[in-house]
Amino acid sequence: MFEYRHIDSDGNNIDLPLGKVVCVGRNYLQHIKELDNEVPSTPLLFIKPTTALCDLNKPVVIPKNFGPCHNELEVAILIKSPLCKASTEDVTAAIWGVGLGLDLTLRDVQSTLKKQGHPWERAKAFDASCPMSQFAAVNRVENLTDIDFSLQVNNELRQLGNSQHMLFSIVKLLVNISHAFTLLPGDIVMTGTPKGVASLSVGDELLIDLNGHFSIMTNVV
Ligand code: ZN
């Protein structure tokens with residue numbers, strides 16, 4: 001059953017509706033290289049529906065029988081006020097907080113879709129394809145261009161990221177997205193994954209950390 005709600009660092013509900021999840025592809029150079037993709041001149045965008053959201057503090061359910069399901073750990077930005085053709089100042093005032101999300105990706109399905117020139121939704125927008133953490137209020141995040149985050153799988157470091165390595169910074173992304181379509185209160189923007197994408201397996205133990213804010217231990221089922 002669909003039960004996701006936005007929650008804060010203390011586990012309380014955040015009074016914002018649920019909305020779309022706007023995802024950014026190819027925003028870290030080393031990840032672009034590991035998948036042999038081209039460096040984009042404008043942000044590559046796609047959207048996950050509300051039904052993709054689920055609680056990262058609960059076990060991560062991966063689809064079975066669709067080939068490998070890859071981890072993509074990403075900084076997630078929760079929006080609190082509408083952004084339409086926004087300026088840098090508008091954007092800064094519209095961020096509720098910062099969390100981490102997994103952009104779960106059926107990599108073989110995506111490769112087939114890419115070859116056919118088709119959209120990626122079957123690979124990236126399935127139910128529970130976006131496990132989402134709690135959000136740290138933005139006033140507790142010192143610097144949006146220096147956010148450290150990591151994913152360990154079975155006690156081995158798999159992804160280590162810092163937002164300073166984004167090709168398009170968080171603020172630039174939000175400005176750019178708001179010129180393509182309106183962001184509404186409760187929408188989430190996923191800001192791209194650093195290198196280290198690989199298959200998740202049932203039984204994997206995950207440790208997900210937003211440095212200075214929270215750590216989440218969960219497992220794959
Ligand atoms: Zn991603």
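In this text, all values refer to a predicted model and were calculated from it rather than measured experimentally.

Enquirer: Describe the pattern of salt bridges, with residues and values.
Expert: Counted by the stated rule, this structure contains 5 salt bridges. For Lys-48, the salt bridge goes to Asp-103, with nearest N and O atoms at 2.7 Å. One end of the pair, Lys-48, is in strand E2 (residues 44-48); the other, Asp-103, is in the loop between strand E6 (95-102) and strand E7 (105-106), and 55 residues separate them in sequence. Asp-103 matches Lys-48 in its accessibility class, with the two residues each being buried. Lys-124 is paired through a salt bridge with Asp-103; the nearest N and O atoms lie 2.8 Å apart. Of the two residues, Lys-124 is situated in helix H4 (residues 121-124) and Asp-103 in the loop between E6 and E7; the sequence distance between them amounts to 21 residues. According to the relative accessible area criterion, Lys-124 is buried, its value standing at 3%. By sharing partners, the salt bridges in this structure join Lys-48, Glu-72, Asp-103, Arg-107 and Lys-124 into a single network.

Enquirer: Give me the coordination of the zinc ion: which residues, what numbers.
Expert: Glu-72 (OE), Glu-74 (OE) and Asp-103 (OD) make up the full set of protein donors to the zinc ion, lying at 2.0 to 2.1 Å. In primary sequence terms, the donor set of the zinc ion follows E-x1-E-x28-D. You'll find Glu-72 and Glu-74 in the same group, each marked buried.

Enquirer: An account of empty space enclosed by the protein is requested, with residue identities and associated values reported.
Expert: The rolling of a water-molecule-sized probe over the atoms marks out the regions of remaining empty space. The final tally for this structure, using the stated rule, is 1 cavity of 30 Å³ or more. There is about 120 Å³ of room inside the largest cavity. The wall of the largest cavity is formed by 17 residues, among which Gly-25, Arg-26, His-31, Glu-72 and Lys-124 lie closest to the centre. Sorting the residues of the lining of the largest cavity by element identifies strand E1 (21-25) and helix H3 (107-116) as the ones contributing at least two each. Per element, the largest residue contribution to the lining of the largest cavity is 3 residues, and it comes from H3.

Enquirer: How would you sum up the pairing of strand E14 (residues 214-219)? Please name residues and give values.
Expert: Within a regular beta strand, the side chains point alternately toward one face of the sheet and then the other, so they alternate between its two faces. What you see with E14 is a clean split: Phe-214, Ile-216 and Thr-218 sit on the buried side and Ser-215, Met-217 and Asn-219 on the side with no burial. Where strand E13 (residues 205-210) and E14 come together, 6 bridges link them in antiparallel fashion. What sits directly across from Leu-207, in E14, is Met-217.

Enquirer: Any chance you could break down the environment of Gln-134 for me, citing the residues and the numbers?
Expert: In this structure, Gln-134 sits in the loop between strand E8 (130-132) and strand E9 (136-137). It is 14 Å that separates the C-alpha atoms of Gln-134 and Ile-79, two residues lying 55 residues apart in sequence. Sequence-distant contacts of Gln-134, defined by excluding residues within four places in its chain, comprise Ile-7, Asp-8, Ser-9, Asn-57, Val-98, Gly-99, Phe-214 and Ile-216. Here Asn-57 takes part through its side chain, which lies 3.1 Å from a polar atom of the side chain of Gln-134.

Enquirer: Quick rundown of the sheet that holds E14? Include the residues and the values.
Expert: Across the sheet, 4 strands lie side by side as E11-E10-E13-E14; this open sheet has antiparallel pairing. At either end of the open sheet lies a strand with only one pairing partner, and these are strand E11 (156-162) and E14. For this sheet the average axis-to-axis angle between neighbouring strands, irrespective of direction, equals 15°. Where strand E10 (residues 148-153) lies against E11, 6 bridges are found, and the strand directions are antiparallel.

Enquirer: Mind laying out the side chain of Gln-110, listing which residues take part and the relevant values?
Expert: Residue placement: Gln-110 occurs in helix H3. Accessibility expressed as a relative area gives 3% for Gln-110, which makes it buried.

Thresholds applied
Residues numbered from 1 in each chain as written. Predicted model: local features only at pLDDT ≥ 70, side-chain atom pairs only at ≥ 80, totals over all residues. Heavy atoms only, no water. Salt bridge = Lys/Arg side-chain N within 4 Å of Asp/Glu carboxyl O. Helix = DSSP H or I, 4+ residues; strand = E, 2+ residues; numbered from the N terminus. Buried < 20%, exposed > 50% of the residue type's maximum accessible area, 1.4 Å probe, protein only. Donors = N, O, S within 2.8 Å, 3.2 Å for Na, K, Ca; no water. 1 Å grid on protein atoms, 1.4 Å probe; cavity = no way out; pocket = protein on both sides within 12 Å on 5 of 7 lines; lining within 4 Å. Points joined across faces, edges and corners; volume = space filled by probe spheres on them. Pairing = 2+ DSSP bridges. Contact = heavy atoms within 4.5 Å. Polar contact = N/O pair within 3.5 Å; in protein donor to acceptor, adjacent residues only side chain to side chain. Axes fitted to C-alpha atoms, helices over the stretch in contact; angles between N-to-C directions.

By themselves these figures say nothing about function.
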